[in-house]
Amino acid sequence: MTNADALMQESPSTGDGDALPIEAVLDEVRRFGSHALEPAVARHEHRLGPERLTALRTTSSEFGLLCPSADEASGLGLWEAVERNDGRRLSTAALRMLAQVNMGFAWQLHQFALSGHFERHVGFASTALNLVALQGRYGLARHALARYLTATAGPDDLIMLRDYFDTTTAPGVLLHAAEDWAGVWLPELDSASVLQWGLWPRERLVVETHRHSHGLDELCSFVVCRRGEAQAAHRTQLDIATSRRLLTTLLTLNAMGQLATGLGGLDHAHRLAADYAATRRQGGGVIARHAAVQLLLSRARQIQQLTSHSLEACCACAPDSAQTLAMLYQTRATLQPELCRATSDALQVFGGMGYMRDTGLEKILRDQNTLRVIHGTPIELQLAATALEEDTP
Amino acid sequence: MTGLRDSALPHLDGHLASSDPLSPFAAFHTLGAVPRRLVSYDAVDQWEVETRRLPPSLQKLRRNARQFAEQALRPLALETDLAPHAEPGHLSPQLQQLISRTGRAGLLSDMLPAPLGSGATSRFRHPIVLQQCLRVEELSRVCGGLMLLLSANVLGAMPILLSGDTSAIRRFLLPVFRAQQRGEAKLFAFAITEPGAGSDAEDGHGARHYRPGVVARRDTGGWRLSGRKVFISGGDVADTLTVFAALEGEGMESWTCFVVRRGMPGFRPVRNELKMGMRASTASELEFDNVFVPDDHIVGGLRQGWALNRATLNLSRMPVGALAVGFAQGATDIAFDFATRTRLGGKALIQFQEVQLQLAQMLAETSTARALIWQSANAWTPRQATSSICKFQATDTAVRVADMAMDLLGNHALLHANGAEKVFRDARLTQIFEGTNQINRLAVIEDFQDALLARASDPATV
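Residues numbered from 1 in each chain as written. Chains lettered and ligands numbered in written order. Predicted model: local features only at pLDDT ≥ 70, side-chain atom pairs only at ≥ 80, totals over all residues. Heavy atoms only, no water.

### Observations regarding the environment of E248 of chain B
Definition in use: The secondary structure listing takes helices from DSSP runs of H or I that are at least 4 residues long and strands from runs of E that are at least 2 residues long, numbered from the N terminus. Residue contacts follow a heavy-atom distance rule, with two residues in contact if any of their heavy atoms lie within 4.5 Å.
Structurally, the position occupied by E248 of chain B is in the loop between β4 (240-247) and β5 (256-261). Not counting chain neighbours up to four residues away, the residues in contact with E248 of chain B comprise V215, A216 and R217 of chain B.

What follows is the structure, given as structure tokens:
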């Protein structure tokens with residue numbers, strides 16, 4: 001555990017009323033991780049199949065990590081108490097902990113929990129596993145999405161956004177999720193240029209499933225388009241201010257989840273590499289004594305600490321603010337590639353073994369790459385952050 | 001395409017059409033004949049520009065290699081990458097056909113000129129390593145795994161060639177070359193790495209402390225090999241393997257190169273590794289259980305193995321750099337293709353400035369690495385430092401450019417069919433094999449050791 005983790009858990013929540021029992025919840029998560037999740041993924045070269053994934057998710061719902069429906073929210077599940085500083089810290093710490101065992105499991109839980117937050121926010125009661133699509137056809141629509149959030153979008157930006165969120169024609173949007181999702185909330189600009197959301201049951205969509213994706217092997221990629229004349233099962237009727245605030249919050253929490261999951265993955269990679277370096281002998285001694293290996297492992301520690309501190313700082317900020325989102329985007333633009341490089345360094349410690357699937361490092365690296373390129377790559381994040389900062393006092 | 005200027009001429013956003021009077025390219029045409037030769041503009045891509053700089057025989061080699069890669073490797077690349085890992089010793093019919101086709105095209109046996117090998121005589125005015133670099137880049141640009149399946153053959157044959165032993169060349173190299181040209185799916189493999197050895201086999205300092213894993217025990221008329229080799233590219237499907245083993249009771253300085261044939265009693269491929277990438281080529285664990293190898297299957301003499309190994313690595317690390325350049329080029333090509341066919345907000349991505357900046361950077365990184373390889377490989381006696389610099393510099397570049405391609409494709413990079421993620425997985429191996437990039441950096445210092453020590457002991461430098 002880093003110093004930042006300790007601070008994260010010991011510091012009192014600010015302005016949140018009674019503090020949440022973070023440590024107790026995290027103890028449960030830790031137990032789940034070591035007793036249920038870890039045995040299921042112990043063979044790195046074997047993909048965690050959909051049935052096992054569902055069973056594990058059900059277990060995590062039973063102890064309250066993933067809220068099964070809006071009226072059962074305890075405030076202690078993932079992305080439930082998002083208005084509270086300690087609620088956000090709880091969610092990121094839990095995701096990090098799960099990702100220390102398996103990033104794919106952590107990520108799908110994050111996605112469903114985020115959708116749960118969305119449905120609670122728009123007052124939609126559902127027990128189905130829905131997703132919320134936060135990314136359009138490509139990137140972050142350059143500056144257009146950011147300008148929509150800061151109420152500075154011009155006509156060109158709106159044209160861009162309409163195309164960005166267009167799911168009426170191929171290729172539609174790309175989702176990377178667990179196989180058993182029931183429906184997806186797709187965003188769309190209404191006639192007044194307000195971003196609304198429509199719930200599209202899976203059977204009303206054309207869904208192309210891609211089982212061979214770069215990383216997060218537990219999940220699949222889906223290319224999704226609307227089916228002919230089919231209609232959404234439900235539509236939001238948000239005013240523009242609420243629409244902006246909701247999308248800002250969703251993007252912010254999503255970025256926090258990405259960093260927390262990436263950080264957990266790096267924790268895992270570093271632990272594996274450090275353990276290996278302490279026992280592997282070469283050139284007459286254990287390789288942990290070699291400067292080349294020390295430099296590789298040290299980089300992982302640096303990035304762990306940087307990401308942990310940055311995440312903590314972001315958690316302390318209001319999630320519905322464009323400033324927070326800009327801060328998170330800049331942070332992701334810097335740290336997401338570093339999480340990849342540091343994981344790659346951990347792989348390098350293993351030499352040839354690191355390239356083999358049974359050591360697990362190559363999977364973590366592919367998972368890190370996946371988190372780097374979804375929901376905005378570093379350059380797209382920089383453009384979006386710049387647009388958010390331009391228009392934020 | 002549309003642009004900033006209201007012009008009917010085709011141009012990208014932010015740029016003038018090349019025929020616009022204010023474009024430098026149009027302006028060049030107004031210059032006289034002599035200055036025009038100094039500033040000429042031709043609407044060809046970077047690959048063509050660089051190919052034209054080569055001597056004619058090497059231009060032909062490069063063009064043929066690209067054509068072969070596109071025709072023979074491209075149709076198999078994605079499918080082979082997804083295929084389940086093969087059982088040891090098993091080659092799919094598709095891969096057998098590919099090896100046959102490659103052999104018939106003369107691309108497995110062209111490290112010697114005809115009639116000994118299949119190389120065009122005119123090419124041999126230029127170093128063999130440069131020829132290998134040009135070819136391997138084109139193959140890896142299309143598929144790393146298939147490239148490795150075909151190119152590990154050169155590595156396996158290299159110790160025999162480098163031994164200068166005409167008898168060994170005549171007995172082991174030439175018959176296989178002839179069989180390859182007839183279309184028989186026969187390959188060489190190079191076996192140095194042992195369980196728990198890793199870079200010890202590639203670094204003198206590590207080797208000093210290493211206890212050899214494959215040992216040769218004297219027997220009447222030959223030697224008996226026992227032990228295991230791991231991570232041997234194509235080791236399970238090769239017909240002829242150059243296997244390095246220490247003599248019983250001696251250390252790594254006794255390493256000797258033995259020719260082991262597939263089918264020799266006691267030799268058995270045990271398993272193939274499950275790898276991140278390069279999946280068309282196997283990384284095999286090989287068992288040697290008291291394998292009898294006759295005396296005349298020793299290459300270069302007893303205790304010459306370490307020298308042959310290091311010499312082979314000196315020659316092979318530049319082609320590893322070259323294959324990494326192929327990955328960088330492959331990633332760049334994928335990114336260009338995606339940027340020209342993907343539209344957002346009514347425009348192709350290539351119209352956006354940030355996309356143009358990324359693509360230019362990818363081109364620059366790739367060309368820089370290629371320039372290093374071409375310059376370094378244009379020598380008949382490459383030294384260790386140069387080879388190692390090529391290896392780690394180009395392989396680090398390849399992974400960086402593959403990262404950039406994935407970034408440019410964004411979440412679409414995750415889809416296998418788009419190819420970018422495969423390039424990353426394939427390229428990542430190049431930072432590890434043929435000595436990790438850390439070992440290769442240290443090899444540079446080792447090569448300059450005497451000069452550095454002399455400098456350190458010179459009072460004038462204190």
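### Let's talk about the domain arrangement of chain B
All names here are of chain B. The cut-off we apply is this: Domain start and stop positions are those given by an automatic or database domain assignment. By buried area we mean how much accessible surface two parts lose on assembly, using a 1.4 Å probe and totalling the loss over both. Only one rule defines a salt bridge in this text: a Lys or Arg side-chain nitrogen within 4 Å of an Asp or Glu carboxyl oxygen.
According to the domain assignment, chain B consists of domain 1 (1-43) and domain 2 (307-454). When each unit is reduced to the centre of its C-alpha atoms, the spacing between domain 1 and domain 2 is 32 Å. On the domain 2 side, the residues contacting the six residues of domain 1 number four residues. Overall, the association of domain 1 and domain 2 removes approximately 420 Å² of surface from exposure, summing both partners, and the carbon and sulfur fraction of that is 35%. In this assembly, domain 1 and domain 2 are joined by one salt bridge. A salt bridge links D13 to K347; the nearest nitrogen and oxygen atoms lie 2.7 Å apart.

### Examining the pattern of salt bridges
Rule in force here: Accessible area is worked out with a 1.4 Å probe on protein chains only. A residue is then buried under 20% of its type maximum, exposed over 50%, and partly exposed in between.
Taken as a whole, this structure holds 59 salt bridges over all chains when the rule is applied. Among the salt bridges present, the one from R141 of chain B reaches D333 of chain B, with a minimum N-O distance of 2.7 Å. One end of the pair, R141 of chain B, is in helix α6 (residues 128-142); the other, D333 of chain B, is in helix α10 (residues 305-341), and 192 residues separate them in sequence. We classify D333 of chain B as partly exposed; its relative accessible area is 25%. One salt bridge connects D337 of chain B with R341 of chain B, and the closest N-O pair in it is separated by 3.1 Å. One end of the pair is D337 of chain B and the other is R341 of chain B, both in helix α10 and four residues apart, which spans about a single turn. What makes D337 of chain B partly exposed here is its relative accessible area of 42%. On the basis of relative accessibility, which here comes to 48%, the residue R341 of chain B falls in the partly exposed class. One network of salt bridges, with partners in common, ties together D358 of chain A together with R228, R268, R271, E273, E285 and E287 of chain B.

### Focus on the domain arrangement of chain A
Residue and element names in this part refer to chain A. As a reminder of what qualifies: Whenever a nitrogen or oxygen atom comes within 3.5 Å of another N or O atom, the pair is scored as a polar contact, on the condition that within protein one atom can donate a hydrogen and the other can accept it, and that pairs from neighbouring residues in sequence are kept only if both atoms are in side chains. Under the scheme applied, nonpolar residues are Ala, Val, Leu, Ile, Met, Phe, Trp, Tyr, Cys and Pro; charged residues are Asp, Glu, Lys and Arg; polar residues are all the others, including Gly.
The domain architecture assigned to chain A consists of domain 1 (3-128), domain 2 (144-239) and domain 3 (241-390). Taking only C-alpha atoms, the centre of domain 2 and the centre of domain 3 are 27 Å apart. Overall, the association of domain 2 and domain 3 removes approximately 1,800 Å² of surface from exposure, summing both partners, and the carbon and sulfur fraction of that is 63%. Residues K363 and E218 are paired through a salt bridge, measuring 2.9 Å at the closest nitrogen-oxygen approach. Remark: the boundary between domain 2 and domain 3 carries 12 residue pairs in polar contact (both at pLDDT 80 or more). Put simply, the parts of the chain that give the side of domain 2 that touches domain 3 at least two residues each are α6 (144-149) and β4 (195-201). The dominant element in the side of domain 2 that touches domain 3, judged by the number of residues it contributes, is α6, at five residues. Residues that form the side of domain 2 that touches domain 3 fall into these classes: 10 nonpolar, four polar and four charged.

### Focus on the interface of chain A and chain B
Taken together, the contact between chain A and chain B spans 47 residues of the former and 51 residues of the latter. Of the roughly 4,100 Å² buried at the junction of chain A and chain B (both faces included), carbon and sulfur atoms supply 62%. Contact with chain B buries surface across chain A, with Y138, Q348 and Y355 of chain A losing the most and accounting together for 20% of the total. Where chain A packs against chain B, one counts four salt bridges. Its salt-bridge partner being R142 of chain A, residue E354 of chain B comes within 2.7 Å of it at the nearest N-O pair. Across the chain A-chain B interface, the total number found is 20 residue pairs in polar contact (both at pLDDT 80 or more). Among the elements of the structure, α7 (155-164), β2 (173-177), β6 (220-226), β8 (281-282), α9 (291-315), α10 (322-349), α11 (361-373) and α12 (378-390) of chain A are those that each provide at least two residues to the side of chain A that touches chain B. It is α11 of chain A that provides the largest number of residues to the side of chain A that touches chain B, a total of seven residues.

### So, the pairing of strand β7 (residues 283-294) of chain B
All names here are of chain B. Stated precisely, the cut-off is as follows: Pairing between two strands is assigned when DSSP locates at least 2 bridges connecting them.
One ladder, built from nine bridges, connects strand β3 (residues 222-233) with β7; its direction is antiparallel. When the sheet's bridge partners are listed, K229 is paired in β7 with L286. Here strand β6 (residues 267-272) runs beside β7; their pairing, made up of five bridges, is antiparallel. Across the sheet, the residue bridging to P269 is L286, located in β7.

### Looking at the packing of aromatic side chains
The condition that has to hold: Stacked, tilted and edge-to-face are the three classes assigned to paired rings of Phe, Tyr and Trp, where Trp is represented by its six-membered ring and a pair needs centres within 6.5 Å; plane angles under 30 degrees give stacked, over 60 edge-to-face, the rest tilted.
Inspection of every chain in the model, using the stated rule, returns 15 aromatic pairs over all chains. Measuring from ring centre to ring centre gives 6.0 Å for Y138 of chain A and F338 of chain B, while their planes differ by 45°; the resulting arrangement is tilted. Of this pair, Y138 of chain A sits in the loop between β1 (130-132) and α6 while F338 of chain B sits in helix α10, placing the two residues on different chains. Ring geometry for F190 of chain B against F244 of chain B: centres 5.4 Å apart, planes inclined by 75°, an arrangement best described as edge-to-face. Here F244 of chain B lies in strand β4 and F190 of chain B lies in strand β1 (residues 188-191), a separation of 54 residues in the sequence. Taken individually, F190 of chain B and F244 of chain B each receive the classification buried, so the pair is uniform in this respect.

### Section: the environment of V325 of chain B
With respect to the element layout, V325 of chain B can be found in helix α10. Setting aside chain neighbours within four positions, we find V325 of chain B in contact with E137, T366, A369, R370, I373 and A394 of chain B.

### Brief notes about α7 of chain A
Worth spelling out the cut-off: Working note: the arc is built from the helix axis to C-beta atom directions.
Among all positions of α7 of chain A, only D157, M160, L161, D163 and Y164 of chain A are buried. Down the axis of α7 of chain A, the buried set is contained in an arc of 165°. They therefore lie on one face. Turned more than 90 degrees away from the buried face of α7 of chain A sit P155 and I159 of chain A, all of them exposed. In this structure, the buried residues of α7 of chain A make contact with α6 and β3 (183-189) of chain A together with β9 (343-344) of chain B.

### Focus on unusual backbone geometry
What you tend to see is this: most non-glycine residues have negative phi, and most peptide bonds are trans. Here A170 of chain A and P171 of chain A are connected by a cis peptide whose omega angle stands at 10°. Omega for the peptide link from A114 of chain B to P115 of chain B comes to 10°, which places this bond in the cis form. Turning to its location among the elements, P115 of chain B is positioned in the loop between α5 (93-104) and α6. With a phi angle near 50°, R142 of chain A is a residue other than glycine that sits in the positive phi range. Among the structural elements, R142 of chain A can be located in the loop between β1 and α6. On the accessibility criterion, R142 of chain A (22% relative accessible area) is partly exposed. Of note in this structure, E434 of chain B is not a glycine but carries a positive phi near 60°.

### Some remarks on the pairing of β5 of chain B
Residue and element names in this part refer to chain B. With five of six residues buried, β5 is to be regarded as a mostly interior element. The pairing of β5 with strand β8 (residues 298-299) spans two bridges and is antiparallel. Bridge pairing in β8 links F258 to I298.

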